[in-house]
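Understanding the architecture of this molecule
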Amino acid sequence: MSFSQYAVELCALLVDETYGELTSRIFTILLRRGRLPIKELSRHTRLTPRQLRHGLAVLVQQNLIYHYTEDTGLTHYEADHDAAYALVRSGKIMAAVESRYGTLAKDIVHNLLLLGHTKVVDLEKAFEPKPVEQTKENGREKGKGHNTSNGTINGVTSEVANGVNGHAEAVIVPVGEIHATLERLLIAGVVEPIVESMFRSPLDRYSKLEKDILRGSYGEKQKGNKQKEEFAARIKEGLKEMRSEGQNWRSKLNKRPLNGEHTNGVNGPSKRRRLSHGMTNGDHVYEDEGKRLDPDLVVRINHEKCKIILRNLQLVEYAKARIGTTTSQVYGELLKQTEERIPRCQPEPNVDDPYEKNELPAASTTEVADGLNKSVDAGFGIGKMSMSKHNADDMEGLEANGTNGIKKEANGVDLGSDEELDDPFVDESASPAVRQPKVTFQDTKAFSSDHGADRSNRILQVRNHLHLLLNDDYHFIQKAGVRGLGEYSVNYPRLVATIREAELDQLLLENFGQSGRRLAKMMRRLGKLEEKQLPNLALMKQKDVRTKLAEMQMAGIIDIQEVPRDGVNRNNNTRTIFLWYFDLERVSKILLERTYKAMSRLLQRLDVERRRAHAILEITERTDVQDQAPENYLGADQLKELQNIQCREENIIGQVSRLDELVGIFRDY
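All figures in this text were calculated on a predicted structure; none of them were measured in a lab.

A few words on helix α19 (residues 542–554). In this model, α19 (13 residues) spans 18 Å end to end at C-alpha, consistent with the 18 Å of a helix rising 1.5 Å per residue. Where α19 is concerned, the buried positions are V545, K548, L549 and M552. One side of α19 carries all its buried residues, which in axial view fall inside an arc of 105°. In α19, the exposed positions angled more than 90 degrees off the buried face are occupied by K543, T547 and M554. Packed against the buried residues of α19 are α17 (492–526), α18 (534–538) and β22 (576–581). Two residues or fewer past α19, G556 is found with a positive phi of approximately 85°.

What follows is the structure, given as structure tokens:
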């Protein structure tokens, strides 16, 4: 499979930044040349066999390449570009895991990111206390997992896997606590067991399964349409079984013999021990129940599940920007309850069924209200309304009407009529308010504090927030049933498509102004339009329309199609219709390529900035000053220079992270 120039360049820079030049050289050749045996790989890379073996070992250990040995004994290697790009999201993944499962879970994920796939017993050794050899370097922890000259991994602080992973003081973590936290991550899907089939590419898995089924049942050949349909069904079922391999890890939970030797240093019965790493979701108390995972179980990070978590976090931010903080917290709880039943963002070809609405996981209002953090006051962000309006009759009416549980006046706000939407291409930012709303959605409590602790009142408040999400133009949720005062699900393809169009509109506004955005929106909604139709529809002068169309065509945003009026004089312009159109898929690809290019240039700029400041960075990398703060051994000018390079690094890395959000919207989510 061939990749674009900037996609290959970005993946090569990410691998080089994290694992060094040797692995990056091999990985780049595999991206550009495709699937290669080791002899061809040696010829293209011009590396010695020893160097090639070492580089391939690192890439296989980090799950960056696939490998498959045929019956003839020949082994082929293939690059996994998705795994390489996932390196840029390491920091986001650790931050999301820490916010949900605590610091110890983040440390486990960090070790797995450094070690690649590893056994549980080896993961335990990473938390064993070691002599104090590593301290903060330039405000970062010196990474020992892989060789990096600057201590950062693609915008992620490279904390060392030293048993405490970034803690300045050694903290002994009980083995039982490590197993319990790892079990939670396995159940959540953030960490997954690894099996042999995961080392093969999707094409190799399909080909091997196809050969096995043909040899075993059809004698190397299929006959008739019935056998072909049966053969396709068996391949699909086999791929599903192959993907579910290794999910029986729960049966390998072992009870540790209670012989009085406990990992927490307490003899006798197990005693409660408060987590030394802390938890963010309440006052969590750890109790060692003696459960242990199989020490030979091999695990790794499940990037497909991490994509779902990052997607939900980004959707919550969109809801916060459009509606409010409290409503976004309610939305986050609904997404959290439904994400457990979603294995991946996009269906896998040849394995998953096409997307269907009736298969969407849903959550009820009562489930969301019960799962919502008690510290969240659901009364905030809802328009003021008297309690008399929330009686049983109104609740029954909301459930019974034909508008998905929403009346014309929802939460005291008149939703208006379609007569006001006379111009579908009007710029929202320039539209004045034609009337004063009946309520304002500000951070004031909708009900008095006397009813704040009442569960039924809280459920009603949560439902009001869900109605705001339901009626928003983005369609954050959709009605799925009536259980528990209403069930709601998320139509991810439609929602992501809406956000993608909104991002495109914002980019068009920044690059081509309001007139350019208006023309693009018209073509996107009405299809192909003749040039003489555009001035009247866009309310612009014909001269301005032509100028803007030429500018947008040069940028690749729109294009023109020539349609002859008849088949006689095809070269006569007077007998030709010129249709302007906006291809959303093509523009999305162009934007994605430019995003890859911008990320590559930012990473190259980061390397240039570090080379310029190599003198001060070499001082901070000295082993005799690593256990000291920079203020103790640097002068005023040197300290200022160090702060400047750290500030530039932070700005560049932050910009890379923001561009990654665009990649998620236009490619992954």
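Relative to strand β19 (residues 487–489), strand β18 (residues 478–481) is paired through three bridges, and the arrangement is antiparallel. The residue of β19 that forms the bridge with Q478 is S489. Counting the residues that bridge the hairpin from β18 to β19 gives five residues, and of these G484 lies at a positive phi of roughly 60°.

Membership of the largest hydrophobic core comes to 128 residues, with the highest contact counts inside it found for F27 and Y331. For this core, the element with the highest residue contribution is α17, accounting for 11 residues. In contact with F27, other than residues within four places in its own chain, are C11, V15, L59, L64, I65, A79, D80, H81 and A84. Counting eight residues, the second largest nonpolar core, distinct from the first, contains L209, F231, I235 and V351.

Two quantities define a packed helix pair, namely the angle between the helix axes and the distance between the axes. Axis separation between helix α2 (residues 21–33) and helix α4 (residues 49–61) bottoms out at 9 Å; the angle between their running directions is 85°. Considering their axes alone, α2 and α4 lie roughly perpendicular with respect to each other. Residue-level inspection shows L22, T23, I26 and F27 of α2 in contact with α4, the latter providing Q51, L52, G55, L56, V58 and L59. Looking at the contact of α2 with α4 residue by residue, the classes come out as seven nonpolar, three polar and no charged.

Moving on, we come to the sheet that holds strand β4 (residues 118–119). The strand order across the open sheet formed by three strands is β4-β14-β9, and the pairing between neighbours is antiparallel. Of all strands in the sheet, those bounded by a partner on one side alone are β4 and β9 (191–193). Inspection of the sheet shows β4 paired to strand β14 (residues 298–301) by two bridges, in the antiparallel sense. Opposite T118, over in β14, you have V299 as the bridge partner. Here helix α9 (residues 175–188) sits on the sheet in contact with β9 and β14, set at roughly 85° to β9.

With that settled, the discussion passes to unusual backbone geometry. One non-glycine residue, R46, lies in positive phi territory at about 60°. Within the secondary structure, R46 is located in the loop between α3 (38–45) and α4. By relative accessible area, R46 is classed as exposed at 72%. Of note, the phi angle at L485 is positive, near 60°, even though the residue is not glycine. Looking at the element boundaries, L485 is found in the loop between β18 and β19.

Bringing the pattern of salt bridges into the picture now. One side chain can pair with another of opposite charge once the charged atoms of both are near each other. All chains considered together, the criterion is met by 29 salt bridges. With its nearest N and O atoms 3.0 Å apart, the salt bridge here joins R300 to E192. On the criterion of sequence distance, the pair formed by R300 in strand β14 and E192 in strand β9 is long-range, its members being 108 residues apart. In this pair, the class of R300 matches that of E192, namely buried. Across the pair R243 and E348 runs a salt bridge, and its minimum N-O distance is 3.1 Å. Here the residue R243 occupies a position in helix α11 (residues 224–243), and E348 occupies one in the loop between α13 (325–339) and β15 (362–364), the gap between them amounting to 105 residues. Linked by salt bridges that have partners in common, R89, K92, D660, R667 and D668 make up one network.

The next thing to look at is the pairing of β14. Both β9 and β14 contribute to a ladder of three bridges, which runs antiparallel. Considered in β14, the bridge of V191 is made with I301.

What follows is about the environment of L360. Secondary-structure assignment places L360 in the loop between α13 and β15. Classification of L360 as buried rests on a relative accessible area of 15%. C-alpha separation for the pair L360 and N491, spaced 131 residues apart in sequence, amounts to 7.4 Å.

Going through the model one piece at a time under the given rule, you end up with three cavities of 30 Å³ or more. What the second largest cavity holds in volume is close to 50 Å³. What lines the second largest cavity is A86, R89, I93, H303, C306, K307 and L310. Element by element, the count of residues in the lining of the second largest cavity is highest for helix α12 (residues 303–322), at four residues. When its residues are assigned to classes, the lining of the second largest cavity shows four nonpolar, one polar and two charged.

Criteria and thresholds
- The numbering scheme is per chain: residues are counted from 1 as the chain's sequence reads.
- Only residues with pLDDT of 70 or above have their local features reported here, since the model is predicted, and side-chain atom pairs are shown and tallied only from 80 upward, although totals for entire chains, interfaces and linings are computed over all residues.
- Water and hydrogen atoms play no part in the side-chain values, which are based on all heavy atoms of the structure.
- Secondary structure elements are taken from DSSP: a helix is a run of H or I of four residues or more, a strand is a run of E of two residues or more, and numbering for both begins at the N terminus.
- One less than the residue count of a helix, multiplied by 1.5 Å, gives the span that helix is expected to have.
- Any residue under 20% of the maximum accessible area for its type is buried, any over 50% is exposed, and the rest in between are partly exposed; the area is computed with a 1.4 Å probe on protein chains only.
- By construction, the arc corresponds to the directions joining the helix axis to the C-beta atoms.
- We call two residues in contact whenever any of their non-hydrogen atoms come within 4.5 Å of each other.
- In short, DSSP must find at least two bridges between two strands for them to pair.
- Residue types Ala, Val, Leu, Ile, Met, Phe, Trp, Tyr and Cys, when buried and joined through side-chain atoms within 4.5 Å, form a set referred to as a nonpolar core.
- Under this scheme, a helix contributes an axis fitted over its contacting stretch, all axes are lines through C-alpha atoms, and angles between N-to-C directions fall in the 0 to 180 degree range.
- Convention used here: angles under 35 degrees read as roughly parallel, angles over 145 as roughly antiparallel, angles from 65 to 115 as roughly perpendicular, and any remaining angle as oblique.
- Gly falls in the polar group here, along with every residue not listed as nonpolar (Ala, Val, Leu, Ile, Met, Phe, Trp, Tyr, Cys, Pro) or charged (Asp, Glu, Lys, Arg).
- Salt bridge, as used here: a side-chain nitrogen of Lys or Arg that lies within 4 Å of a carboxyl oxygen of Asp or Glu.
- Only protein atoms enter the calculation, which uses a 1 Å grid: trapped sets of points that fit a 1.4 Å probe without letting it out are cavities, open sets showing protein on both sides within 12 Å along at least five of seven lines are pockets, and any residue with an atom within 4 Å of a point is a lining residue.
- Grid points are joined across faces, edges and corners, and a volume is the space filled by probe spheres set on the points.

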